[in-house]
2 protein chains.
Amino acid sequence: MEKTLIFGHKSPDTDTITSAIVMADFEKKLGNDVEACRLGNLNKETKYVFDYLKINAPRLIEKVEEGQNVILVDHNEFKQSVDGIENANILKVIDHHTMDFKTSYQLFYHSEPVGCTATVLYKLYKQNGFEIDKNIAILMISAIISDTLLFKSPTCTDDDVKAVEELNKIAGLDINSYGTSMLKAGTDFSDVSETDLINLDAKEFMIGDIKTVVAQVSTVDIDEMMKRKDKIEDEIKKVIEDKKLGLFLFAITDIMNSNSQVIVLGENSNIVSLAYNVKLENNTAFLPGVVSRKKQIIPIISKVAN
Amino acid sequence: MEKTLIFGHKSPDTDTITSAIVMADFEKKLGNDVEACRLGNLNKETKYVFDYLKINAPRLIEKVEEGQNVILVDHNEFKQSVDGIENANILKVIDHHTMDFKTSYQLFYHSEPVGCTATVLYKLYKQNGFEIDKNIAILMISAIISDTLLFKSPTCTDDDVKAVEELNKIAGLDINSYGTSMLKAGTDFSDVSETDLINLDAKEFMIGDIKTVVAQVSTVDIDEMMKRKDKIEDEIKKVIEDKKLGLFLFAITDIMNSNSQVIVLGENSNIVSLAYNVKLENNTAFLPGVVSRKKQIIPIISKVAN
C-alpha cells in the first residue's frame with residue numbers, strides 16, 4: 001500500500017513542521033508506513049531547530065491525489081490544508097485548534113484544548129507506552145516553546161508546561177537558554193520586505209460589518225522594527241484599498257517582555273482606541289501585556305464593535 | 001460551578017444512553033462534577049439492560065441554557081443534539097460517527113473509526129489506568145452488542161470484539177445468551193403502530209435526483225413482521241405521497257440470521273431490483289446477508305442510480 005502522508009498547515013510554523021515529524025515517528029512505532037511532509041518553507045525559528053538537531057526538513061508537497069491516505073496535524077480546516085484534501089482519505093487528525101470539519105466517513109480525530117499540538121502528541125506516546133527518542137523530545141519541546149512563547153502566552157496551559165518538564169528529562173536542555181535563542185532566531189526579519197512582513201501571519205475576519213485584518217510579527221526589539229514604520233504603513237494602505245478593509249491592525253509583539261506595539265490604519269481605527277482605552281499617535285500605540293492575537297486582540301476589539 | 005451535563009443523540013439507542021452513564025462515571029473518576037442525561041425515551045432493548053442491572057434511566061432533558069457546560073457522547077452533529085446546543089459550552093465530544101462539527105473555541109474531541117462509542121470509552125479507561133466497575137462493564141458490553149448486532153454487523157471492528165472480551169473478564173456474562181436476549185427484547189414491536197414502525201429509524205436522502213427514504217426495523221422473526229405487510233404498505237404509500245418520494249425501502253432485518261426482507265415502493269423501485277439483481281414480487285424481496293443500511297444498502301442503491 002502507498003505511504004500515508006502526514007502534514008500540518010500551510011505557512012508552516014515550528015509546531016506544524018515538528019508535529020508532522022513526531023507523528024510520523026509515532027505511526028512508525030504503531031507499525032504504519034508513513035512519511036512526514038510540509039506545505040511550505042521553513043521559517044527561521046524552525047530552521048534554528050533543524051540546524052540544532054542537524055536534521056533535514058520533510059519533503060515539500062503542494063497537492064495530494066484523490067484517495068491518498070493522509071494524517072493531518074496541527075490543523076483541521078480544509079482551507080488551511082493541502083490542495084486536493086477534499087478528495088483525500090483522512091485517517092487521523094491530531095490538533096489543538098477550534099474546529100470546522102466535515103467528513104462522510106469515520107476517522108480517528110483527537111484534539112485537546114492545550115497550547116500546542118506537541119503536547120497532545122506527548123500524551124499519545126504516554127498512553128501507548130512508547131519510548132521517546134532524544135531528538136523527538138527536542139522537537140516537541142521546541143514546538144511548545146514556540147506556541148507558548150516560552151510559557152508566557154495566555155494560550156499556555158498546565159499540560160504544556162508539564163509536557164516540557166517531563167520531556168526535558170530525556171532532552172536535557174537548558175530550556176530558558178535554548179528557548180530564548182530559538183525564539184530570537186525567529187525574529188530576524190532583516191531580509192523580509194515590508195510587503196511580506198504584513199502578510200507573514202495575517203488573519204482576515206469580520207468585526208460586525210467591518211472587514212478587518214489583524215497581522216502579527218514577533219520581535220525582541222520593537223524599536224528596531226519601528227524604524228520600518230513608514231514603509232510598513234505604505235504597504236498596509238495598499239492592502240486596505242485592495243481588500244476594502246475598514247481596519248488593519250499590525251501587532252509588533254515583543255516576545256521577551258510580553259508587550260505589543262500596534263500600528264493601526266483604516267477608517268475604523270477608533271475601535272482599537274476604544275478597546276484598549278489608548279490614544280493612537282501617528283497611528284500607533286503601545287499595549288502592555290498583549291501578546292496573543294487569539295485571546296488578547298480579536299475578542300477585545302470584537303467586543304467594542306458589537 | 002454548575003454541573004456539566006452529558007448526553008447522547010435524540011431518539012436514543014442503547015449505545016447513546018449507556019455511553020452517557022459510562023462517560024459520567026469516567027468524568028467523576030477525573031474529579032469532575034457531571035450528570036448523565038438523555039434526550040428521549042428508552043427503547044425496549046435499553047430497558048432490558050436497565051432491568052437486568054436494576055438501575056434507573058438518566059434524567060430526561062429537552063433543552064440546555066446558554067453557556068451550559070456539556071459533554072456529547074455518540075454524536076457530534078448539532079441537528080441530532082439537544083435544543084440550545086448552539087449556545088452551550090461543549091467541553092468534550094466522545095464519538096465514533098462521521099463528522100460535521102464546528103466551534104469557535106478549543107475542546108477535547110476524541111473519535112475513532114470503530115463500531116461503538118463504548119469501545120472508545122473503554123480505551124479511555126485503559127489509557128487513564130482507571131478501574132472499571134462490573135455495572136459499567138456490562139453497560140459497555142451491552143452497547144457494543146447492540147451496535148454490532150452481536151459482532152455480526154459489517155460495522156464491527158476488531159477493537160469492538162477485543163473490548164467485549166476484556167470487559168467480560170469483569171462482567172462475567174454469557175455473552176451469546178445475554179446478547180441474544182437483549183437484542184430480542186429490542187425487537188418486540190407488537191404495541192407499535194405501522195405508522196410509527198416505518199418512522200422508528202428512517203433516513204431520508206437523495207439518490208441522484210430521486211428523493212429516497214430507507215427505513216429499518218430489527219426482528220428475530222421476519223414472517224411475523226410480514227403479517228403486517230399490507231398495513232405497512234398503506235403507511236409507506238402515504239409517506240411517498242406526502243414527501244413526494246421516488247423510492248421508499250423498508251428493511252426488516254433478521255438480526256439472528258443476518259438477512260433482510262425489504263418492502264419497496266415508489267416509481268423508482270426498479271433501482272432496488274437492479275442493485276441486488278432480484279425480482280420484486282408483491283413489492284418485496286429477500287436479501288441474504290444484508291444487515292447494515294450504512295454499508296450494505298445506501299451505497300449499493302446509490303451506485304445504480306449514478
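None of these values were measured; they are calculated from a predicted model. (Residues numbered from 1 in each chain as written. Chains lettered and ligands numbered in written order. Predicted model: local features only at pLDDT ≥ 70, side-chain atom pairs only at ≥ 80, totals over all residues. Heavy atoms only, no water.)

### Some thoughts on the overall build of chain A
- Each helix and strand counted, chain A has eleven helices and twelve strands in total.
- Computed over its C-alpha atoms, the radius of gyration of chain A comes to 20 Å, within 12% of the 19 Å expected for a compact globule of 306 residues.
- When the backbone C-alpha atoms are referred to their principal axes, chain A occupies close to 60 × 45 × 35 Å.
- Within chain A, the fraction of its 306 residues that count as buried is 57%.
- Relative to all contacts within chain A whose residues are 6 or more apart in sequence, the contacts with residues 24 or more apart total 62%.
- Just so you have it, chain A exposes about 13,700 Å², and 45% of that area is on carbon and sulfur atoms.
- Charge separation in chain A, taken as the distance between the mean sites of 35 positive and 47 negative side-chain charges, equals 1 Å. (Helix = DSSP H or I, 4+ residues; strand = E, 2+ residues; numbered from the N terminus. Rg over C-alpha atoms; globule rule 2.2 N^0.38 Å. Buried < 20%, exposed > 50% of the residue type's maximum accessible area, 1.4 Å probe, protein only. Contact = heavy atoms within 4.5 Å. Areas by Shrake-Rupley, 256 points an atom, 1.4 Å probe, with all protein chains shown as cover. Lys, Arg positive; Asp, Glu negative; His and termini not counted. Charge placed at Lys NZ, Arg CZ, Asp CG, Glu CD.)

### Notes on the packing of helix α3 (residues 117-128) of chain A against helix α5 (residues 158-171) of chain A
Residues and elements named next belong to chain A.
- In contact at an axis separation of 9 Å, α3 and α5 are set at 55° when each is read in the N-to-C sense. When the axes of α3 and α5 are compared, the pair comes out oblique. As α3 runs across α5, the sense of the crossing is left-handed. Contacts between α3 and α5 involve T119, Y122, K123 and K126 from the former and D159, D160, K162, A163, E166 and L167 from the latter.
- In the contact of α3 with α5, the residues fall into three nonpolar, one polar and six charged. (Axes fitted to C-alpha atoms, helices over the stretch in contact; angles between N-to-C directions. Parallel < 35°, antiparallel > 145°, perpendicular 65-115°, else oblique. Left-handed = near helix turned anticlockwise from the far one by under 90°. Nonpolar A, V, L, I, M, F, W, Y, C, P; charged D, E, K, R; others polar.)

### Things to note about the relation of the copies chain A and chain B
- Between the two copies, chain A and chain B, the superposition gives an RMSD of 0.3 Å; the rotation angle is 180° and the shift along the axis is 0.2 Å. What we have between these two chains is a two-fold relation.
- Both copies share a contact surface, since 100% of the interface residues of chain A are interface residues in chain B too. (Least-squares fit on C-alpha atoms with pLDDT ≥ 70 in both.)

### So, unusual backbone geometry
Residue and element names in this part refer to chain B.
- Despite not being glycine, S258 has its phi angle at roughly 60°, a positive value.
- Summarising the element assignment, S258 is placed in the loop between β10 (247-254) and β11 (259-265).
- With relative accessibility at 17%, the residue S258 sits in the buried group.

### Considering the pairing of strand β2 (residues 34-38) of chain A
Residues and elements named next belong to chain A.
- Burial within β2 is extensive, with four of its five residues counted as buried.
- A crossover links strand β1 (residues 4-7) with its parallel partner β2, the connecting element being helix α1 (residues 14-29), and its sense is right-handed.
- When β2 meets strand β3 (residues 59-60), the two strands line up parallel, connected through two bridges. Along β3, the bridge assignment pairs C37 with R59.
- The β-α-β motif built from β2, the intervening helix α2 (residues 44-53) and the parallel element β3 has right-handed crossover chirality. (Right-handed = clockwise from strand over helix to strand, strands pointing away. Pairing = 2+ DSSP bridges.)

### Description of helix α5 (residues 158-171) of chain B
All names here are of chain B.
- Between its first and last C-alpha, α5 extends 19 Å over 14 residues, near the 20 Å set by a 1.5 Å rise per residue.
- Buried within α5 are the following residues: D160, A163, V164, E166, L167, N168 and A171.
- Looking at the packing, one finds that the buried side of α5 touches α3 (117-128), α4 (134-148) and α6 (175-185). (Expected span 1.5 Å × (residues − 1).)

### Examining the interface of chain A and chain B
- Chain A puts 21 residues into the contact, and the matching count from chain B is 21 residues.
- Approximately 1,900 Å² of surface area, both sides summed, lies buried where chain A meets chain B, with 52% of it carried by carbon and sulfur atoms.
- At the junction of chain A and chain B, the tally comes to two salt bridges.
- Among the ionic pairs, K102 of chain B bridges to D100 of chain A, the shortest N-O distance being 3.7 Å.
- Summed over the shared surface of chain A and chain B, the result is ten residue pairs in polar contact (both at pLDDT 80 or more).
- Of all the secondary-structure elements, those providing two or more residues to the side of chain A that touches chain B are β6 (100-102) and β7 (108-111) of chain A.
- Examining the composition of the side of chain A that touches chain B, we find that four residues originate from one element, β7 of chain A, more than from any other.
- As judged from the three bridges shared by β6 of chain A and strand β6 (residues 100-102) of chain B, these two strands associate in the antiparallel manner. By the bridge assignment for β6 of chain B, D100 of chain A is matched with K102 of chain B. (Buried area = accessible area lost by both parts, 1.4 Å probe. Salt bridge = Lys/Arg side-chain N within 4 Å of Asp/Glu carboxyl O. Polar contact = N/O pair within 3.5 Å; in protein donor to acceptor, adjacent residues only side chain to side chain.)

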